[in-house]
Amino acid sequence: MDFALSWEQTQLKEAAAGFLAALPSARDLLEGRGTLEDPAVWKRVAEEQGWPAILVPEEAGGFGFGQVELSVVFEEFGRTLTSCPLLGTAFATALLLECGDAQAQERWLGAIAAGEPAAVVWSGISAEEGPFGWTLEGQGVAVDGGMASLLVIVAPQGVFVLPADLADRTRVPHLDPTRPSVGVSVSAVPAERLTVDGLERARMRCESLLASEAVGAAEATLQLAVDYSRVRTQFGKPIGSFQAIQHICADMLLAVESARSAAWYAACAIDAGADDAREAARTAKAMACDALFHCAGQSIQVHGGIGFTWEHDCHLYFKRARSVMDLLGHPREHRAAVAQTLLGDA
Amino acid sequence: MNLSFSAEDEAFRQEVRAWLDEHMVGDFARIRGRGGLGDMDAFVDERIAWERELAGGGWTCLGWPTEYGGRGASLFEEVIFYEEYARAGAPGRVGHVGEHLLGPTVIAHGSDAQKARFLPGIVAGTDLWCQGYSEPNAGSDLANLSTRAELRDGRWHLTGQKVWTSLAEQAQWCFALCKTDPTAAKKHHGITCLLVPMDQPGVSIVPIKQITGSSEFAEVFFEDAVTDKDNVVGPIHGGWRVAMGTLAVERGASTLGQQLAFVGEFDRIVAAAKETGAASNPLIRDRIADLHMRLKVMRLNAMRTLSAHAADRELSREASIVKLYWSVWHRDLGELAMDVLGESSAICDPRYEELHRLFLWTRSDTIYAGTNQIQRNLIAQRALGMPR
């Protein structure tokens, strides 16, 4: 029993935190200092840090590490609201890993491990089989997909892969400015079909990553609130000395730490192939999204008026909190699915 | 990251399980699941016998050092024991106060003579203890206590009132915080921790009838109650530090292992929801799933705490987080218990008696052993370092 980060995982966490701290912050990007999708940053992520290769099997040119390692990195990405596009790429990696045969893995995951950014369209596109193979039709959204050179499309007929330049792509304005998203439109575009057997496993990997990302973001909102409560003075005292503020922060800590337990366990269960991995990923996604929304909202409250301004980072986390909630299943939908396994149709 | 217990720990789990299977028979099987929270006044005589049965098997005072009659068990082993204890539905412990509160306090602060005199009876399950901390005007503000103790003619003389004392009728001894120096500059100075025999004319006990209709707690009145001058734990006037130490261990390993007892209660409510048809209501389903998820995470939180502190056994910082988490979960479960019963929930149906008890009892969970508000103060100040 050692439900804690190992020495190597702690090193990875610190490396990720250090790397991200040296990049332009979300605020810098919003104010035009640096660009949200910077190929030079991505190149360093891929080549110096190797994070896109974490889940890629060694045979396909990756490290063959586990979900836990990738989750550790995502917690740090969440803390700084970085997308990069590691999220889109990790989603595509999960689908290729779980749905691709050895040949598809070698080709496509090999490209990802070598530094090709990728993204996923989860809905809106359907496929048809013709005399010359499969073609795709429709439009959807690829979250964190602005830089992707590879697209993975989840259609009712299967999971498909295609080079991104075969699709029409247009920037989609997004409530969450730290999450660059593109609209993807395809018409009679050929694509390679993977199996659908692993779709649920891929989804649970993605839910687990979103959970870890949300935990990092939630902890950041707590830190902002606690730091501010020490320096903001009212009635002649730091507001952090008032129980009304202390109790808000205590409840935030409880939410963050519980969500972290859930997110760590989901990653462990996925790596172990545990029977309860599916439920663990749903639990992590639901609890972490609820925790982040709670914390991001309470952080604004602790900050008072300044928290409502464009100048302060509070709104970035609040918008992330809302945008991650609907991605890959609202907490309510995950609870409904867990209720179904507990209660049946009743 | 590894969530499996070691082979040695798993072997220990099997040993506990086998012993409980073998001994939870006859009269003891009859009181399976009884005497827990909200039910502590049930089957007291049987549970006193059970305490001795446990002692016979060497299962009392697991975490105490072997020199004091314990097993010197690791924190992992203690948690495993409490998990198996809950899984077996073994009855609520009457020896809890002695084993978890008074015993560790005497081990930490008591004299050698006190250790020799008081610890063996706790290990053997023959001496029961009760705690005399809270008073009518000393709840969250414990240092505001006013029970007086004076040293006269070689004995301490106590006058005052304690409240919310569990097992007061059964206990042979009480460890009581008393004011011994009313002139002290600060109110948490001048407090002394005294060990007081319960069977004497100066001690009277009045049960408190609670919201549940049952009486698990009592008021204890000291009217010139006496105890020997040597029955002081820690320094005279220095009882506050002793008391704080007790509160730090109050929620330790037994709390980390209690999640499995909650699993039993949760399953009972899921079964009731199916019986009443509430399980087809989407709002009820959402709450059942939410409580299920939070219950799973309760154990994960416990395993993280355990992993972080197995070596130093220092649980005081986490204790507040753990208490706040489970008490709110349990209260929410109590509310769900009524909602699954539907529109006739208020009718006292013997089939669902324990759901009513759960609903009512859980209002105490967020109050005793430090209210949720006190826990939030402690979390903010100790874990988050917010200014006082």
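Residues numbered from 1 in each chain as written. Chains lettered and ligands numbered in written order. Predicted model: local features only at pLDDT ≥ 70, side-chain atom pairs only at ≥ 80, totals over all residues. Heavy atoms only, no water.

(A) Region of interest: the packing of helix α4 (residues 67-80) of chain A against helix α8 (residues 243-272) of chain A. Residues and elements named next belong to chain A. One way to put it is that α4 packs onto α8 with a least axis distance of 8 Å and a crossing angle of 150 degrees. In terms of orientation, α4 lies roughly antiparallel with respect to α8. Considering how the two elements wind past one another, α4 and α8 form a crossing that is right-handed. Of the residues in α8, those in contact with Gln 67, Val 68, Ser 71, Glu 75 and Arg 79 of α4 are Arg 260, Trp 264, Ala 267, Cys 268, Ile 270 and Asp 271. Per-class residue counts for the contact of α4 with α8 are five nonpolar, two polar and four charged. (Axes fitted to C-alpha atoms, helices over the stretch in contact; angles between N-to-C directions. Helix = DSSP H or I, 4+ residues; strand = E, 2+ residues; numbered from the N terminus. Parallel < 35°, antiparallel > 145°, perpendicular 65-115°, else oblique. Left-handed = near helix turned anticlockwise from the far one by under 90°. Contact = heavy atoms within 4.5 Å. Nonpolar A, V, L, I, M, F, W, Y, C, P; charged D, E, K, R; others polar.)

(B) Geometry of the domain arrangement of chain A. All names here are of chain A. Split by domain assignment, chain A resolves into domain 1 (7-194) and domain 2 (199-343). A separation of 23 Å is found between the C-alpha centroids of domain 1 and domain 2. Listed per partner, the contact involves 35 residues of domain 1 and 36 residues of domain 2. In total, domain 1 and domain 2 occlude about 3000 Å² of area from one another, counting both sides; carbon and sulfur atoms represent 63% of this. It is Arg 27, Gln 67 and Glu 98 in domain 1 that bury the most area against domain 2; as a group they hold 22% of the surface buried on that side. Linking domain 1 to domain 2 there are 17 residue pairs in polar contact (both at pLDDT 80 or more). When residues of the side of domain 1 that touches domain 2 are traced back to their parent elements, those giving at least two are α2 (26-30), α4 and α5 (86-99). With nine residues, α4 is the largest single contributor of residues to the side of domain 1 that touches domain 2. (Domains from an automatic or database assignment. Buried area = accessible area lost by both parts, 1.4 Å probe. Polar contact = N/O pair within 3.5 Å; in protein donor to acceptor, adjacent residues only side chain to side chain.)

(C) Representation of the domain arrangement of chain B in the model. All names here are of chain B. Taken domain by domain, chain B holds domain 1 (7-94), domain 2 (129-239) and domain 3 (251-383). Averaged C-alpha coordinates put domain 1 and domain 2 at centres separated by 29 Å. For the pair domain 1 and domain 2, the two sides together bury roughly 570 Å², of which 60% comes from carbon and sulfur. Counting across the interface, domain 1 meets domain 2 through zero salt bridges. Applying the counting criterion to the domain 1 and domain 2 interface returns three residue pairs in polar contact (both at pLDDT 80 or more). (Salt bridge = Lys/Arg side-chain N within 4 Å of Asp/Glu carboxyl O.)

(D) Local environment of the interface of chain B and chain A. Opposite the 42 residues of chain B that make contact, chain A presents 47 residues. The three residues of chain B that bury the most area against chain A are Met1(B), Met293(B) and Arg304(B), which together make up 22% of that side's buried surface. If you look at where chain B meets chain A, you find three salt bridges. When the shortest N-O distance is used, the salt bridge between Arg376(B) and Asp251(A) registers 2.8 Å. Listed by contribution, the elements that provide at least two residues to the side of chain B that touches chain A are α9 (259-276), α10 (282-309), α11 (316-341) and α13 (372-383) of chain B. If you tally residues by element for the side of chain B that touches chain A, the top one is α10(B), at 15 residues. Classifying every residue of the side of chain B that touches chain A by side-chain character gives 22 nonpolar, eleven polar and nine charged.

(E) Summary view of unusual backbone geometry. The linkage connecting Cys84(A) with the following residue, Pro85(A), adopts the cis geometry, with an omega of 5 degrees. Its place among the elements puts Pro85(A) in the loop between α4 and α5. Its identity as a non-glycine residue notwithstanding, Trp164(B) has a phi of 60 degrees, on the positive side. Within the secondary structure layout, Trp164(B) lies in strand β3 (residues 155-166). Of note, the phi angle at His237(B) is positive, near 70 degrees, even though the residue is not glycine.

(F) Expanded view of the pattern of salt bridges. The tally for this structure, following the rule as stated, stands at 54 salt bridges over all chains. The salt bridge partner of Lys13(A) is Glu75(A), with a shortest N-O separation of 3.9 Å. Highlighted residues: Lys13(A) in helix α1 (residues 7-21) and Glu75(A) in helix α4, separated in sequence by 62 residues. Several salt bridges share partner residues, and in doing so they unite Lys13(A), Glu75(A), Glu76(A), Arg79(A), Glu219(A), Glu257(A), Arg260(A) and Arg304(B) into one network.

(G) Focus on the packing of aromatic side chains. Residues and elements named next belong to chain B. Scanning the entire structure with this criterion turns up 28 aromatic pairs over all chains. Summarising the aromatic geometry, the rings of Trp 19 and Trp 50 are spaced 5.9 Å apart at their centres and angled 50 degrees between planes, so their arrangement reads as tilted. Linking Trp 19 in helix α1 (residues 7-23) with Trp 50 in helix α3 (residues 44-56), this pair joins segments that are 31 residues apart in sequence. Both residues of the pair, Trp 19 and Trp 50, count as buried. Put simply, the rings of Phe 12, Trp 19, Phe 28, Trp 50, Trp 59, Phe 81, Tyr 82 and Tyr 85 touch in pairs and so form one group of aromatic residues. (Phe/Tyr/Trp six-rings, centres within 6.5 Å; stacked < 30°, edge-to-face > 60°. Buried < 20%, exposed > 50% of the residue type's maximum accessible area, 1.4 Å probe, protein only.)

(H) Focus on the packing of helix α11 (residues 331-343) of chain A against α10(B). Look at α11(A) against α10(B): their axes get within 8 Å of each other, and the N-to-C directions meet at 90 degrees. The orientation of α11(A) with respect to α10(B), classified from their angle, is roughly perpendicular. Contacts between α11(A) and α10(B) involve Arg332(A), His334(A), Arg335(A), Val338(A), Ala339(A), Gln340(A), Leu342(A) and Leu343(A) from the first element and Arg285(B), Asp286(B), Ile288(B), Ala289(B), Asp290(B), His292(B) and Met293(B) from the second. Of the residues assigned to the contact of α11(A) with α10(B), the class counts are seven nonpolar, three polar and five charged.

(I) Geometry of α1(B). All names here are of chain B. In this model α1 runs 24 Å from its N-terminal to its C-terminal C-alpha over 17 residues, within 8% of the 24 Å that 1.5 Å per residue would give. Restricting attention to buried positions, one finds in α1 the residues Asp 9, Phe 12, Arg 13, Val 16, Trp 19, Leu 20 and His 23. Down the axis of α1, the buried set is contained in an arc of 135 degrees. They therefore lie on one face. Turned more than 90 degrees from where α1 packs its buried face, Ala 7, Asp 21 and Glu 22 sit exposed. Tucked inside the fold, the buried residues of α1 contact α2 (27-30), α3, α4 (75-87) and α10. (Expected span 1.5 Å × (residues − 1). Arc of directions from axis to C-beta.)

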